[in-house]
Structures are given as C-alpha cells and as structure tokens.
Amino acid sequence: QEVFKSNITWFWLAVGICLTLIVPKGKFFVFVICLLMALLPPTISFFLLLFIASILIIKFGVRSIPEGQSSLVLRLGKYSRTLTPGVHVTIPGIERIHVPLGLMTINDDGEQVPLSSNKGLITMKEFLLDPPPHDMICSDNSIVNVDSLAYLRISSPHRAAFGVENLGDAFIKLVETVLRQEVGKLNADEVIHSRDVIGSKLQQALTIAAEPWGTTVIRVEIQDITFKRELQEALSKAREEELAGRA
C-alpha cells in the first residue's frame, strides 16, 4: 500500500510538472492542484479530481446559444454539428467552437461587417447587403450609375462558413457582374424604365448562387439609377418634348 501511495505521489508530481510546461496560463495554479493531489490520500484525491473535472466540463463544455444565433462545432478539426438556440454540451479538448472569419456583409459605407462574433456565434437574423454604386455602360455607350441593395438571411451556417471564402465579397462581385450584364443590354432610356426588370434579374441570379452558400435571398431592390449631368439633362429634355408632342 505504501508503494502504491508513493507511486501515486510521484505520478501527480510528474503530471504537475508536465502540465506546467504545457499550459500557457495558470501554471502556478495547475502545479498547486497537482501537488495537493499528490499529498492527499488516494480516496480524497479521486473525489477532488472528479470535482475539478466537473467544474472544467461545466466551464468549457456547456454552451448556451442565444435566440437568433447558432454555432458550429468542430471535432478534431472536422465539422461535427450545428448548435441551435438552447443549452448544449461539448467535449473539452476534443470539440471546439469554430469562429468563421469569412462571414461578412457590406454596409452603406463599403465597410465589411462581421456576421459572427469572436466567440463563434453566427447571426441567423435578416441582414442587409449594400454594395457600393458602380458606373456601368449601356448599349448606347451611355454611362449609368446603379445603386442596389439586398436583404439576406443565413439558412445553413455550415455551408455559409465552409462553402465560400468570404460571403460578402462573393455577393458583391456577383451583384456587379449581373448588373453590368443587364445594363449592357439596354440603352439609357430603357434602363430608366426597366428598374423592376433589372432588380428581378439580379434577385434570380443571387438566389441561384446563394443556395450553395447557405444563404436565403429575401428581396433585392434597385435604390437609384443616375446618369452624368449632361445625359440626365438630355433625357429630361427628350422626355419633356415627348410629353409636349402628346399634348
């Protein structure tokens, strides 16, 4: 029995030294705990170990997900499951919460806004994508400036986090490409009267692309269509002459 107790003592001292070299913080606290485990009787050490393990599991293993958010769990680096609102238990040291750095949207200032927190909480609420206005060329070589926005919602956090490198940038490039294609088919006068058609085409393209990216397109709007001042004045004058001719 004395030999067994001696072996247990040396075991905990060795564990304390190893953990002190490994853990980045709390080295003194870890060593003191292991020293107590070595000096206390085996029975008391066993129950103390269970108590410490329970505290660690509660602190690092129990996850509370608020309403309107979700989290992704990785087990040994591989996707395991998605945590929905409520209380969940993860395995400390084996499972961890993934923090998706590429989940971004774009605000009206052209700045990237994260859709997840530094704790891995991903918003499931509707969010706004506001691409910066772009100058585009019509079929008659007129330059038009189109300002659009889209309302989206993450439907599959797994696909949104792992299906695309940067969600916001991907949508911005797609919006610009589709708008250039649609505006390029129309002349300046047709662009003015085809705002709904352009918006509908844009929404169709975004909806198709959004599915593998784990996102749902709620609606797309064309906020404003503007021309250079000279062209704007020419179009206004032509419109006035058309109305005068009808009168």
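Here the structure is shown first, and the text comes after it.
Owing to the predicted nature of the structure, the values given are computational and were not obtained by experimental measurement.

1. Some points on the environment of Ser71
Considering the arrangement of structural elements, one finds Ser71 in strand β2 (residues 69-75). The class of Ser71 is buried, set by a relative accessible area of 1%. For Ser71 and Leu121, which are 50 residues apart along the polypeptide, the C-alpha to C-alpha distance reads 5.2 Å. With near-sequence residues (within four places) excluded, Ser71 lies in contact with Ile65, Arg81, Thr82, Leu83, Ile97, Gly120 and Leu121. Looking at Ser71, its side chain comes within polar contact range of the main-chain oxygen of Gly120, at 3.1 Å.

2. Points about the pairing of strand β3 (residues 78-83)
One ladder, built from five bridges, connects β2 with β3; its direction is antiparallel. Paired with Leu74 across the strands is Tyr79, a residue of β3. As consecutive antiparallel partners, β2 and β3 are separated by two residues, and within that stretch Leu76 has a phi angle of approximately 55 degrees, a positive value.

3. A look at unusual backbone geometry
Although it is not a glycine, Leu76 sits at a positive phi angle of roughly 55 degrees. Relative to the helices and strands, Leu76 resides in the loop between β2 and β3. A relative accessible area of 70% places Leu76 in the exposed class. Phi is positive for Asn141, close to 70 degrees, though the residue is something other than glycine. Among the structural elements, Asn141 can be located in the loop between β10 (134-137) and β11 (143-154).

4. As for a nonpolar patch on the surface
A surface patch of nonpolar side chains, about 460 Å² in accessible area, is lined by Ile57, Ile58, Val62, Val87 and Val89. Secondary structure elements with two or more residues in the nonpolar patch: α3 (42-61) and β4 (86-89). Following the sequence through the fold, Ile57 ends up in helix α3. Take Ile57: its relative accessible area is 42%, and that puts it in the partly exposed class.

Criteria and thresholds
- Residues numbered from 1 in each chain as written.
- Predicted model: local features only at pLDDT ≥ 70, side-chain atom pairs only at ≥ 80, totals over all residues.
- Heavy atoms only, no water.
- Helix = DSSP H or I, 4+ residues; strand = E, 2+ residues; numbered from the N terminus.
- Buried < 20%, exposed > 50% of the residue type's maximum accessible area, 1.4 Å probe, protein only.
- Contact = heavy atoms within 4.5 Å.
- Polar contact = N/O pair within 3.5 Å; in protein donor to acceptor, adjacent residues only side chain to side chain.
- Pairing = 2+ DSSP bridges.
- Patch = residues over 30% accessible without salt bridge, like charges linked within 9 Å, V, L, I, M, F, W, Y side chains within 5 Å.
- Areas by Shrake-Rupley, 256 points an atom, 1.4 Å probe, with all protein chains shown as cover.
- Salt bridge = Lys/Arg side-chain N within 4 Å of Asp/Glu carboxyl O.

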